[in-house]
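Results of the structural survey
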Amino acid sequence: ASSLEDGVYVTQNGGNQWSALNVGLPANSPVSSVAAKNDSELVAAQLHTGIYTSSNAGTNWVLSNFTSLNTFTIQYAGENTFYAEDILNRIQVSSD
């Protein structure tokens, strides 16, 4: 799950407890959206710095080459394709 106040969280017990997964994300970072390619490859839209990727189920995050400052939502569309939408409703597509 994403948080507009402080990053990414995960639950292993149906939502009874949540743990932060923010290593590599800026402190107090508003993450507006998280998309999963599979169980371990994740992409997060961070409102102030851009798109972050994780190859280990969110344990660590790395800033991608896409650094739009206003990315609001991200969605996985299959075949290595992600769609990102910014706060002005502009859509961008990435296949890498």
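A brief structural summary. Computed from a predicted model, the values in this text were never measured in an experiment.

The next subject is the overall build of the protein chain. Within the protein chain, the regular secondary structure consists of zero helices and ten strands. Along the protein chain, helices (α) and strands (β) appear in the sequence β-β-β-β-β-β-β-β-β-β when read from the amino end. Sequence-distant contacts, at least 24 apart, represent 29% of the contacts inside the protein chain between residues at least 6 apart. Surface accessibility of the protein chain: about 5,800 Å² in total, with carbon and sulfur atoms responsible for 48%.

The subject of this paragraph is the sheet that holds strand 6 (residues 50-54). Strand order in the open sheet formed by four strands is 4-5-6-7, with antiparallel pairing between adjacent strands. Looking at strand neighbours, the two that pair on one side only are strand 4 (31-36) and strand 7 (62-63), the edges of this open sheet. With five bridges connecting them, strand 4 and strand 5 (residues 42-46) associate as antiparallel partners. Each bridged residue has a counterpart across the sheet, and for Val 34 the counterpart in strand 5 is Ala 44.

The final tally for this structure, using the stated rule, is one aromatic pair. When the ring of Tyr 76 is compared with that of Phe 82, the centres are 4.9 Å apart and the planes differ by 50°; the resulting orientation is tilted. A relative accessible area of 25% places Tyr 76 in the partly exposed class. The exposure class assigned to Phe 82 is buried, which follows from its relative accessible area of 13%.

Quick look at the nonpolar core now. Soluble, globular proteins show a tendency: their nonpolar side chains are buried together. Judged by nonpolar contacts, Val 8, Leu 21, Leu 25, Val 31, Leu 42, Ala 44, Tyr 52 and Trp 61 together constitute the single largest core of eight residues. In this structure, Ala 35, Ala 45, Ile 74 and Phe 82 belong to the second largest nonpolar core, which totals six residues.

Turning our attention to the side chain of Ser 54. One can find Ser 54 in strand 6. According to the relative accessible area criterion, Ser 54 is buried, its value standing at 5%. A polar contact is formed between the side chain of Ser 54 and the backbone oxygen of Asn 60, at a distance of 2.9 Å. Not counting chain neighbours up to four residues away, the residues in contact with Ser 54 comprise Ser 40, Glu 41, Leu 42, Thr 59, Asn 60 and Trp 61.

On to unusual backbone geometry, then. The residue Ala 57 is not glycine, and still its phi comes out positive at about 60°. Take Ala 57: it is sitting in the loop between strand 6 and strand 7. What makes Ala 57 partly exposed here is its relative accessible area of 35%. Within the chain, Glu 79 stands out as a residue other than glycine whose phi angle is a positive 55°. Relative to the assigned elements, Glu 79 resides in the loop between strand 8 (71-78) and strand 9 (81-86).

Conventions adopted
Residues numbered from 1 in each chain as written. Predicted model: local features only at pLDDT ≥ 70, side-chain atom pairs only at ≥ 80, totals over all residues. Heavy atoms only, no water. Helix = DSSP H or I, 4+ residues; strand = E, 2+ residues; numbered from the N terminus. Contact = heavy atoms within 4.5 Å. Areas by Shrake-Rupley, 256 points an atom, 1.4 Å probe, with all protein chains shown as cover. Pairing = 2+ DSSP bridges. Phe/Tyr/Trp six-rings, centres within 6.5 Å; stacked < 30°, edge-to-face > 60°. Buried < 20%, exposed > 50% of the residue type's maximum accessible area, 1.4 Å probe, protein only. Core = buried A, V, L, I, M, F, W, Y, C linked by side-chain atoms within 4.5 Å. Polar contact = N/O pair within 3.5 Å; in protein donor to acceptor, adjacent residues only side chain to side chain.

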